Amino acid sequence: MKKDTHPDYHEITIEMTDGTTYKTFSTWGEAGATMKLDIDPTSHPAWTGVHRLIDSGGQLAKFNKRFEGFGLKSS
């Protein structure tokens, strides 16, 4: 095997959204680093069945403002 062609494979800590942690091996970061997840099986709608809208950067608010008068009018 050639030297310096493969990334360093080391132990890191994964922190879930609910605060629980576990250790695994990865090429991400440095040895002993902690990866904090924004979305994981405890919070993702595909696993929880709970859907909620996340407004990132005001995109949802911008859409709602643009189309607020659009729709059926009751008489």
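Residues numbered from 1 in each chain as written. Predicted model: local features only at pLDDT ≥ 70, side-chain atom pairs only at ≥ 80, totals over all residues. Heavy atoms only, no water.

What follows covers the pairing of strand 2 (residues 21-26). Both strand 1 (residues 10-15) and strand 2 contribute to a ladder of six bridges, which runs antiparallel. Note on strand 2: the bridge partner recorded for H10 is S26. (Pairing = 2+ DSSP bridges. Helix = DSSP H or I, 4+ residues; strand = E, 2+ residues; numbered from the N terminus.)

This next bit is on unusual backbone geometry. Note: most peptide bonds trans; most residues except glycine with negative phi. Even without being glycine, D4 reaches a positive phi, approximately 60°. Among the structural elements, D4 can be located in the segment before strand 1.

Ring pairs (aromatic) are described by centroid distance and by the angle formed between their planes. For the structure on display, the rule yields two aromatic pairs. Each ring, one from Y9 and one from F25, has its centre 5.8 Å from the other, and the planes form 25°; the classification is stacked. Of this pair, Y9 sits in the segment before strand 1 while F25 sits in strand 2, placing them 16 residues apart in sequence. A relative accessible area of 57% places Y9 in the exposed class. (Phe/Tyr/Trp six-rings, centres within 6.5 Å; stacked < 30°, edge-to-face > 60°. Buried < 20%, exposed > 50% of the residue type's maximum accessible area, 1.4 Å probe, protein only.)

Attention shifts here to the side chain of T13. Among the secondary structure elements, T13 is positioned in strand 1. Aside from chain neighbours lying at most four places away, what touches T13 is T21, Y22, K23, A33, T34 and M35. (Contact = heavy atoms within 4.5 Å.)

A few words now on the sheet that holds strand 1. Spatial strand order, 2-1-3: three strands in an open sheet with mixed pairing. The strands lining the two open edges of the sheet, one partner per strand, are strand 2 and strand 3 (34-36). Adjacent strand axes in the sheet meet at a mean angle of 35°, parallel and antiparallel pairs treated alike. Relative to strand 3, strand 1 runs parallel, the two being bridged by three bridges. Residue pairing across strands places I14 opposite M35, the latter belonging to strand 3. (Axes fitted to C-alpha atoms, helices over the stretch in contact; angles between N-to-C directions.)

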